[in-house]
Amino acid sequence: MSMYSNEKDTKNLTELLSKLQTLYHQKKEQLEVLHQEIEELRSMLSSLNTLISTKSFLSADQLFSEKEKRPDDYFKEDIAPEEFKGTNIKRKIFSEDRNEEEHLLCVLNFYDYQKVNIKFIDPEIRAIDETNENFMNVFLRGALIKIKEKTPNLSISYDFYNNTKLIEYININNLTSIKDYDIITEKIRELLFIQLDKL
């Protein structure tokens, strides 16, 4: 074997060694990054598990394993009212202007599965009062009168804005159904969007 051939083989082997060393170090660095990411994920999972456990007295794994419970089970009508004490289902209604900015129009809260509180943001701009034709047609006739036919105990009261006739809060008592809350939300949204078109 000639000297030239030996030098060529040595050069090829050296290049191969260099490539392998580079690849080895790259993979090692990737493993270190992955290891850091895994540790961060483990820490986040642990924090979430602690948070959920604190809120529910169950571990996240236990909550997650309740596969038999379907979403509909949470909205059954025959659950005792005592079970809903302290609950609140909050909804917000937004509009978008021409600049695609969101503006909060209204906040609805459904307390204890029986009380609804509706707060109009900027009531002087919304300009909703009891004699407003849209209010009567869309909200009262479109939602509350229909609900009251099924729920005779339903009652409604208003809080007015700065001693005017403009409604700032609507308070509804003795509601018994999440579906009725959905109807109220839908009709309030419809009413607000009609009022927006008038501005």
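Remember, it's a predicted structure, so these values are computed and weren't measured experimentally. (Residues numbered from 1 in each chain as written. Predicted model: local features only at pLDDT ≥ 70, side-chain atom pairs only at ≥ 80, totals over all residues. Heavy atoms only, no water.)

### Things to note about the side chain of Asn-109
Now for step 1: Inspection of the secondary structure assignment puts Asn-109 in strand β2 (residues 102-111).
Now for step 2: A polar contact of 3.0 Å, which involves the side chain of Asn-109, links it to the side chain of Asn-88.
Now for step 3: Apart from residues lying up to four places away in sequence, Asn-109 is in contact with Asn-88, Ile-89, Lys-90, Lys-115, Val-116, Asn-117 and Tyr-181. (Helix = DSSP H or I, 4+ residues; strand = E, 2+ residues; numbered from the N terminus. Polar contact = N/O pair within 3.5 Å; in protein donor to acceptor, adjacent residues only side chain to side chain. Contact = heavy atoms within 4.5 Å.)

### Regarding the packing of aromatic side chains
Now for step 1: Within the structure shown, the criterion is met by five aromatic pairs.
Now for step 2: Between Phe-110 and Tyr-181, the aromatic rings sit 4.6 Å apart at their centres with planes inclined by 35°, giving tilted as the arrangement. One end of the pair, Phe-110, is in strand β2; the other, Tyr-181, is in helix α5 (residues 178-198), and 71 residues separate them in sequence. Considered together, Phe-110 and Tyr-181 belong to a single accessibility category, that of buried residues.
Now for step 3: Grouping aromatic residues by their ring pairs yields a cluster made of Phe-135, Phe-139, Tyr-158 and Phe-160. (Phe/Tyr/Trp six-rings, centres within 6.5 Å; stacked < 30°, edge-to-face > 60°. Buried < 20%, exposed > 50% of the residue type's maximum accessible area, 1.4 Å probe, protein only.)

### Topic: the confidence of the model for the chain
Now for step 1: Summarising the model, the chain shows a mean pLDDT of 79, and 74% of its residues fall at 70 or more.
Now for step 2: For residues 66-78, every residue scores under 50 in pLDDT, and the model assigns this stretch 11 contacts once sequence neighbours within four places are set aside. (pLDDT = per-residue confidence, 0-100.)

### Considering unusual backbone geometry
Now for step 1: Positive phi is not limited to glycine here, since Ala-127 has a value of about 55°.
Now for step 2: Residue position: Ala-127 is located in the loop between α3 (123-126) and α4 (133-150).
Now for step 3: For Ala-127, a relative accessible area of 33% puts it in the partly exposed group.
Now for step 4: The phi dihedral of Asn-162 is positive, around 45°, even though this residue is not glycine.

### A short note on a nonpolar patch on the surface
Now for step 1: A cluster of nonpolar side chains, namely Leu-13, Leu-16, Leu-20 and Leu-23, defines an oily patch on the protein surface of about 390 Å² accessible area.
Now for step 2: By the secondary structure assignment, Leu-20 is in helix α1 (residues 3-56). (Patch = residues over 30% accessible without salt bridge, like charges linked within 9 Å, V, L, I, M, F, W, Y side chains within 5 Å. Areas by Shrake-Rupley, 256 points an atom, 1.4 Å probe, with all protein chains shown as cover. Salt bridge = Lys/Arg side-chain N within 4 Å of Asp/Glu carboxyl O.)

### Re α4
Now for step 1: Taking 1.5 Å of rise per residue, 18 residues should cover 26 Å, and α4 covers 24 Å from first to last C-alpha, within 8% of that figure.
Now for step 2: Where α4 is concerned, the buried positions are Asn-134, Phe-135, Val-138, Phe-139, Gly-142, Ala-143, Leu-144 and Ile-147.
Now for step 3: Its side-chain oxygen 2.8 Å from the backbone nitrogen of Asn-134, Asn-132 forms the N-cap of α4. (Expected span 1.5 Å × (residues − 1).)

### Considerations on the pairing of strand β3 (residues 115-120)
Now for step 1: Where β2 lies against β3, six bridges are found, and the strand directions are antiparallel. Note on β3: the bridge partner recorded for Tyr-111 is Lys-115.
Now for step 2: Across four bridges, the pairing between β3 and strand β5 (residues 167-173) is antiparallel. Looking at β5, one finds that Val-116 is bridged to Ile-172. (Pairing = 2+ DSSP bridges.)

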